[in-house]
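Report on the structure
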Amino acid sequence: MERDALVRKKHNIHTSGSNVPSPLQDFAELKSRVEIKVLIFIYLKHILCYMDSGVRYGCKRYLLRNFAELGFKEPTPIQRQAIPVLLSGRECFACAPTGSGKTLAFVCPMLMKLKHASKDGVRAVILCPTRELAAQTARECKKLAKGKKFYIKLMTKQLVKSADFSKLHCDILISTPFRLQFAIRKRKLDLSRVEYLVLDESDKLFELDLVEQVDSVVKACSNPSILRSLYSATLPDSVEELARTIMHDAVRIIVGRKNA
Ligand code: ADP
Ligand code: MG
């Protein structure tokens, strides 16, 4: 069996979609691919042409240091597959059990792709179904970004009431759909430059009947080169349908069973 299939089998990862990027063996792989490529470049210049489709992750040291400090020794199954998919610029919808590390699976590639803080409007949005989950995700984001000056903002009640959103610069904005929709409609929040949109706990987004709000956020994120991804603990047909309508050439990732 080929290497990718073996890794997936071992970790109970099921994928579908065209050309699914290889799953990670370990976190170190996130940085080392660049070094391997440099070596290949030096010694085998022309072979490089054939290998140029290979990956080039170049993870910054602060991120791997944070993983180590948090005691994360190896990626969880969803992280093994979702991280390389997103780093390859592919959209994905992923289903993995509660507690299996989905937050890091989308925050890690987001931090890697954003590279450093920038005053470029709102650059990434994470939608969570409830205020508690949004606050928890914001805390997790800040822990993972420690040591790097990213501007990570939670859409609180005060913020949504008071802020002048026309001037909001923010690398990662975390919100419930309700507050974000309000900010777009009533506070002129501009999401047209968002490069990464995450719909977290998307099964709950449906259960809580937030589809209309999610829809207006998806529409407001009008950047044609946006990368969307969707996470869930179960994958009912409604979620799968949403994923397929908003995404292009998405990779579907299931860890364990679909409705476990
Ligand atoms: P989910 O969103 O899938 O329910 P979370 O992202 O909230 O899961 O993660 C659950 C817990 O696992 C968190 O406390 C998180 O810090 C921890 N965690 C995340 N990734 C790893 C890892 N690679 N190794 C060990 N623990 C991890
Ligand atoms: Mg989660």
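Structure shown above.
Residues numbered from 1 in each chain as written. Chains lettered and ligands numbered in written order. Predicted model: local features only at pLDDT ≥ 70, side-chain atom pairs only at ≥ 80, totals over all residues. Heavy atoms only, no water.

Some thoughts on the pattern of salt bridges
Summed over all chains, the structure comprises 14 salt bridges. Across the salt bridge formed by glutamate 91 and arginine 228, the nearest N and O atoms sit 4.0 Å from each other. Of the two residues, glutamate 91 sits in the loop between helix H5 (77–87) and strand E2 (92–95) while arginine 228 sits in strand E7 (residues 227–232), which places them 137 residues apart along the sequence. Overlapping salt bridges bring together Arg3, Asp4 and Glu29 as one network. (Salt bridge = Lys/Arg side-chain N within 4 Å of Asp/Glu carboxyl O. Helix = DSSP H or I, 4+ residues; strand = E, 2+ residues; numbered from the N terminus.)

Points about the site of ligand 1
Residues in contact with ligand 1 amount to 14 residues; listed here are only the nearest, Glu74, Gln79, Gly99, Lys102 and Thr103. Measuring from an oxygen atom of ligand 1, one finds a backbone N or O atom of glycine 99 at 2.6 Å. Within the side chain of glutamate 140, one N or O atom sits 3.1 Å away from an oxygen atom of ligand 1. Protein chains shield 73% of the accessible area of ligand 1, which is 570 Å² for the free molecule. (Near = heavy atom within 4 Å. Polar contact = N/O pair within 3.5 Å; in protein donor to acceptor, adjacent residues only side chain to side chain. Areas by Shrake-Rupley, 256 points an atom, 1.4 Å probe, with all protein chains shown as cover.)

Regarding the sheet that holds strand E3 (residues 122–127)
Pairing in this open sheet of eight strands is mixed, and the strands run E1-E8-E2-E7-E6-E3-E5-E4 from one edge to the other. Of all strands in the sheet, those with a lone pairing partner are strand E1 (13–16) and strand E4 (152–154), marking the two edges. Between one strand axis and the next, the sheet turns by 15 degrees as a mean value, whatever way the strands run. As paired elements, E2 and strand E8 (residues 251–255) share four bridges and run parallel to each other. Across the sheet, residue cysteine 92 finds its bridge partner in E8, namely valine 251. (Pairing = 2+ DSSP bridges. Axes fitted to C-alpha atoms, helices over the stretch in contact; angles between N-to-C directions.)

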